[in-house]
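# Residue-level structure breakdown
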Amino acid sequence: MEKNLEQSNLTSENNFEREKGENINLVISFIRHGDKDSKGELTERGYESARELGKHKEVLPDGIKIYNSPFRRTASTVDAILDGVEEQGKKDKTFKTRQRIELAPPEWEHFEIIAKKGKEAEEKEGRGGLFRYISHEPLAQKDLNHWTSALAFMIDRYRRGSHRFYEGSEVELRHITHDVVIGDFLRKVAVFKDKEGKRIEKVDFDKLGGSMNFLEGFEFVVRLDEKGNEFHKINFRGQELEVDEEKLNELVKLFKENPYEGRTTKVYPLSRQ
């Protein structure tokens, strides 16, 4: 866990008497960047929507730290969200923002084919076209699975680190990334069930409200009780979903065996860094 997060409660005079790893609420969220233009840049509408999100964002008592992939549209989305949080008068509740290369898209093994077909799908079907194409393109699955393993590794590291938090801590770690990896993580790790309570093995987002909208994502909630016992759940589109621990651990192992790094673009410096 990031050192400055663990130290976030050190200003309290009572911390030296508090236990660690008990009654902890850690929210690890991943959301898509804001509306983008044809060049992949955040649009004015995207900025305003992200700022509004920040204005109405519930900030947990011990604050929020935001990470982003090294793409201009994700960095700009972070700035917009933080502008909104500051309008709440909660600037003191935000930690230093960081870029994480693992949140960025990979260098696809079959990039030329995927890029061409992806663009065609987006032009034909709109903003959800690329999401649907990548999700079902056989040539993309190996790289996509590797990208998803990075998210799993982050979650695993954070939840382990939560046991070092002071008793009663409530913190959010928010990650601004891209729709395809968010959807892929959910379809592999979140347990969706049908009306009869049976797990849906092949998740079809068109039947679950469509592809990931801008600024949409999920929350992976880690809860430690008064004895330090760990509980997890995923919040997505108003649902509380179980976590497939076996699949999560499989992805974590994949990342450990073959660490992943994503692509980058020249990023505008974040004003909060």
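Everything quoted here is computed from the prediction, not taken from an experiment. (Residues numbered from 1 in each chain as written. Predicted model: local features only at pLDDT ≥ 70, side-chain atom pairs only at ≥ 80, totals over all residues. Heavy atoms only, no water.)

## Brief notes about the packing of helix α7 (residues 179–189) against helix α8 (residues 245–257)
Contact geometry of α7 with α8 gives a least axis separation of 8 Å together with a crossing angle of 130 degrees. In terms of axis orientation, α7 runs oblique to α8. The residues of α8 that touch α7, namely those facing Phe185, Lys188 and Val189, are Lys247, Leu248 and Leu251. (Axes fitted to C-alpha atoms, helices over the stretch in contact; angles between N-to-C directions. Helix = DSSP H or I, 4+ residues; strand = E, 2+ residues; numbered from the N terminus. Parallel < 35°, antiparallel > 145°, perpendicular 65-115°, else oblique. Contact = heavy atoms within 4.5 Å.)

## Some points on the side chain of Asn145
Locating Asn145 in the fold gives a position in helix α6 (residues 141–161). Of the polar contacts made by the side chain of Asn145, one reaches the side chain of Lys188; its length is 2.8 Å. (Polar contact = N/O pair within 3.5 Å; in protein donor to acceptor, adjacent residues only side chain to side chain.)

## Brief notes about the packing of helix α4 (residues 111–125) against helix α5 (residues 129–136)
Look at α4 against α5: their axes get within 7 Å of each other, and the N-to-C directions meet at 140 degrees. Relative to α5, the element α4 lies oblique. The hand of the α4/α5 crossing is right-handed. Where α4 approaches α5, its residues Ile113, Ile114, Lys117, Gly118, Ala121, Glu122 and Glu125 are matched on the opposing element by Gly129, Leu130, Arg132, Tyr133 and Ile134. (Left-handed = near helix turned anticlockwise from the far one by under 90°.)

## As for the environment of Glu230
The topology assignment puts Glu230 in strand β7 (residues 230–236). As for Glu230 and His163, which are separated by 67 residues in sequence, their C-alpha atoms are 9.0 Å apart. Setting aside residues no more than four positions away along its own chain, Glu230 makes contact with Arg159, His163, Val222, Arg223 and Leu224. Separated by 2.7 Å, the side chains of Glu230 and His163 make a polar contact. Among the polar contacts made by the side chain of Glu230, one reaches the side chain of His232 at a distance of 2.5 Å.

## Quick word on the pairing of strand β8 (residues 239–243)
The sheet contact formed by strand β5 (residues 190–191) and β8 spans two bridges and is antiparallel. By the bridge assignment for β8, Val191 is matched with Glu242. Bridging between β7 and β8 involves three bridges; their strand directions are antiparallel. The residue bridging Phe236 from the neighbouring strand is Gln239, located in β8. In this antiparallel pair of consecutive strands, β7 and β8, the connection spans two residues, and Arg237 shows a positive phi of 50 degrees. (Pairing = 2+ DSSP bridges.)

## Observations regarding the side chain of Glu216
Inspection of the secondary structure puts Glu216 in the loop between β5 and β6 (217–224). Exposure remark for Glu216: the relative accessible area of 15% places this residue in the buried category. Here Asn213 takes part through its backbone nitrogen, which lies 2.9 Å from a polar atom of the side chain of Glu216. Among residues more than four places away in sequence, those in contact with Glu216 are Phe30, Ile31, Arg32, Ile182, Ser211, Phe236 and Arg237. (Buried < 20%, exposed > 50% of the residue type's maximum accessible area, 1.4 Å probe, protein only.)

## What to know about the pairing of β7
Taken together, the six bridges between β6 and β7 define a ladder with antiparallel strand orientation. Within β7, the position partnered with Glu219 by the bridge is Asn235. The hairpin turn running from β6 into β7, its antiparallel successor, is five residues long, and Gly228 in that turn takes a positive phi close to 85 degrees.

## Describing the sheet that holds strand β1 (residues 24–32)
Spatially, β3-β2-β4-β1-β6-β7-β8-β5 is the arrangement adopted by the eight strands of the open sheet, whose pairing is mixed. Here the strands that pair on one side only, and so sit at the sheet edges, are β3 (98–99) and β5. Note that β1 and β6 share eight bridges and pair antiparallel. Following the sheet pairing, Asn25 is matched in β6 by Arg223. Contacts from α6 reach β1, β2 (64–68), β4 (170–177), β6 and β7, with the element oriented near 160 degrees to β1.

Distances and angles like these do not, on their own, reveal function.
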